[in-house]
Amino acid sequence: MGVGHYVPENIVTNDDLTKFIDTSDEWIKERTGIEQRRWFNPDKDTVANMATRAAKMALDRADMDVKEIEFIVFATITPDYFFPGSGVLMQRELGLQGIGAIDIRNACSGFIYALSVADNFIKAGMYKTILVVGAEIQSSALDKTTAGRNTNVIFADGAGAMIIQASEDADHKVLSTHLHADGDHAEELYVKDPGSSRKVRLSNELIAGDSFKAHMNGNFVFKQGVIRFEEVINEALSANDQSAEDIDLLVPHQANLRISQFVQRRLNLKDEQIFNNIMYLGNTTAASIPIACSEAWEQGKIKDGNLVCLASFGSGFTWASALIRW
Ligand SMILES: CC(C)(COP(=O)(O)OP(=O)(O)OC[C@H]1O[C@@H](n2cnc3c(N)ncnc32)[C@H](O)[C@@H]1OP(=O)(O)O)[C@@H](O)C(=O)NCCC(=O)NCCS
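Here goes a summary of the coordinates provided. Treat the numbers as computed from the prediction; the structure is a model and nothing was measured.

**Re the sheet that holds strand E5 (residues 100–104)**
Next up, step 1: What the five strands build is an open sheet, ordered E1-E7-E6-E4-E5; its pairing is mixed. Pairing within the sheet leaves two strands with one partner each, and these edge strands are strand E1 (2–6) and E5. On average, adjacent strands in this sheet sit at an angle of 15° to one another, irrespective of strand direction.
Next up, step 2: As defined by bridge partners, strand E6 (residues 129–136) adjoins strand E7 (residues 158–165) across eight bridges and the pair is classed as antiparallel. Bridge pairing in E7 links Ala135 to Ala159.
Next up, step 3: Most of the contacts of helix H3 (residues 47–62) go to E1, to which it runs at about 145°, and overall it touches E1, strand E4 (71–75), E6 and E7.
Next up, step 4: The sheet contacts of helix H11 (residues 288–298) involve E1, E6 and E7, and relative to E1 the element is tilted by about 110°.

Structure below.
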């Protein structure tokens with residue numbers, strides 16, 4: 001019905017990062033494709049209020065009243081509080097007290113997992129209209145020193161929202177979602193603390209260590225990512241008797257421009273069949289797909305009736321795809 005997004009005003013360029021990290025604009029562009037990203041303003045932005053702004057844009061574009069929303073599925077791995085999740089905070093901000101809200105914690109695949117939950121609640125007849133959100137503030141948790149340079153140059157903040165609604169119209173629908181995970185690789189991309197399976201969740205010793213910081217085996221993530229992206233996109237296509245040529249727009253999770261370009265080559269997609277915005281927004285984890293859909297829609301790159309493929313890979317590892325007749 002509608003898609004919207006919000007990104008913080010604060011632009012951080014690669015040159016800005018060189019002021020506190022031993023890195024260069026050239027290195028970051030060459031390895032990740034990123035030129036700049038948005039980092040939140042702690043006096044203004046929260047995960048929930050960025051998501052609320054994205055949801056309001058989606059509602060405006062759908063010409064819908066907020067009261068039509070019956071349920072919220074909120075994907076984030078960076079909630080405002082340790083608990084409860086940010087879904088209930090956004091519900092409060094939207095004035096929708098009483099409706100259900102769940103948080104999904106599947107990192108970069110979080111939005112597609114969330115969309116799948118919403119789609120299947122709708123197909124089961126449980127709700128008619130669901131708000132699906134991906135929102136993250138990654139920048140406050142990054143190690144902003146040279147030791148953290150394989151993650152702090154990549155991750156960024158933002159929010160995206162999509163409203164889906166039950167309809168008899170077979171021309172516009174989520175055709176399928178495919179969800180996967182392999183917990184064998186949980187520690188290849190993770191933040192360990194504040195974890196609960198310790199004697200105490202917080203201690204000075206823990207805080208002094210580096211277990212609160214994101215750890216990523218970048219090379220391994222890259223190699224697994226390109227395999228899983230291709231696999232899960234092909235799974236979506238073959239389940240719906242479609243081929244890569246039929247895709248009007250592939251919106252991959254914005255992990256790394258090099259990963260998107262690799263997948264594009266493997267699937268033989270033309271430039272106009274894929275959407276990337278990581279160059280100016282960085283990797284916003286669960287928010288990247290709905291932000292990209294929102295931008296693609298406003299640029300006229302997603303039109304009614306288009307076959308849109310969403311695909312993701314990330315921490316867990318988790319990977320997923322959705323095929324949508326828009
Ligand atoms: C993170 C990533 C860009 C690193 O690129 P890479 O080519 O694998 O680089 P490596 O980690 O092998 O490091 C190569 C060198 O660059 C250095 N380096 C790492 N980050 C750097 C940075 N930001 N600036 C400058 N140098 C950096 C390393 O220290 C290493 O130096 P050394 O050879 O002297 O030891 C790349 O692995 C990647 O993009 N992986 C996928 C990440 C991803 O998509 N994550 C999100 C998943 S949702």
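On we go from here.
**What about the site of the ligand?**
Next up, step 1: Taken together, the neighbourhood of the ligand is formed by 21 residues, with Thr23, Arg31, Arg149, Gly218 and Asn256 sitting nearest.
Next up, step 2: For the ligand, a nitrogen atom lies 2.6 Å from a polar atom in the side chain of Thr23.
Next up, step 3: The side chain of Asn219 places a nitrogen or oxygen atom 3.0 Å from an oxygen atom of the ligand.
Next up, step 4: Coverage of the ligand by the protein amounts to 71% of the 960 Å² it exposes when considered alone.
Next up, step 5: For the shell around the ligand, the secondary structure elements donating two or more residues are helix H2 (25–32), helix H6 (149–152) and helix H8 (218–239).
Next up, step 6: No other element matches the four residues that H8 contributes to the shell around the ligand.

**Section: helix H9 (residues 257–266)**
Next up, step 1: Every buried residue of H9 is listed here: Leu257, Ile259, Ser260, Val263 and Gln264. Summarising the axial view, the buried residues of H9 lie within an arc of 160°, below the 170-degree limit, and thus occupy one face. Facing away from the buried surface of H9 by more than 90 degrees, the exposed residues are Arg265 and Arg266.
Next up, step 2: Those residues of H9 hidden inside the fold are in contact with H2, H8, strand E11 (249–252) and helix H10 (278–281).
Next up, step 3: Asn268 sits one or two residues past H9 and shows a positive phi near 60°.

**Thoughts on the packing of aromatic side chains**
Next up, step 1: Scanning the model with the defined rule gives six aromatic pairs in all.
Next up, step 2: Pairing Phe71 with Tyr127 gives two aromatic rings, centres 4.7 Å apart and planes at 15°, and the pair type is stacked. Of this pair, Phe71 sits in strand E4 while Tyr127 sits in the loop between helix H5 (110–123) and E6, and the two are 56 residues apart along the sequence.
Next up, step 3: Between Phe313 and Phe317, the aromatic rings sit 4.8 Å apart at their centres with planes inclined by 55°, giving tilted as the arrangement.
Next up, step 4: Residue classification places Phe313 among the buried positions, given a relative accessible area of 3%.
Next up, step 5: We classify Phe317 as buried; its relative accessible area is 1%.
Next up, step 6: The ring of Tyr6 carries the charged tip of Arg53 above its face, separated from the ring centre by 4.3 Å.
Next up, step 7: For the cation-ring pair, Lys144 lies above Trp39, with the distance from its terminal atom to the ring centre recorded as 5.0 Å.

**Concerning the environment of Ile28**
Next up, step 1: Counting through the fold element by element, Ile28 comes out in helix H2.
Next up, step 2: Looking at Ile28, the relative accessible area reads 0%, which means it is buried.
Next up, step 3: Residues within four places of Ile28 in sequence aside, it is in contact with Asn14, Leu17, Thr23, Gly33, Ile34, Arg37 and Val153.

Definitions and limits used
- Residues numbered from 1 in each chain as written.
- Predicted model: local features only at pLDDT ≥ 70, side-chain atom pairs only at ≥ 80, totals over all residues.
- Heavy atoms only, no water.
- Pairing = 2+ DSSP bridges.
- Helix = DSSP H or I, 4+ residues; strand = E, 2+ residues; numbered from the N terminus.
- Axes fitted to C-alpha atoms, helices over the stretch in contact; angles between N-to-C directions.
- Contact = heavy atoms within 4.5 Å.
- Near = heavy atom within 4 Å.
- Polar contact = N/O pair within 3.5 Å; in protein donor to acceptor, adjacent residues only side chain to side chain.
- Areas by Shrake-Rupley, 256 points an atom, 1.4 Å probe, with all protein chains shown as cover.
- Buried < 20%, exposed > 50% of the residue type's maximum accessible area, 1.4 Å probe, protein only.
- Arc of directions from axis to C-beta.
- Phe/Tyr/Trp six-rings, centres within 6.5 Å; stacked < 30°, edge-to-face > 60°.
- Lys NZ or Arg CZ within 6 Å of the ring centre and 35° of its normal.

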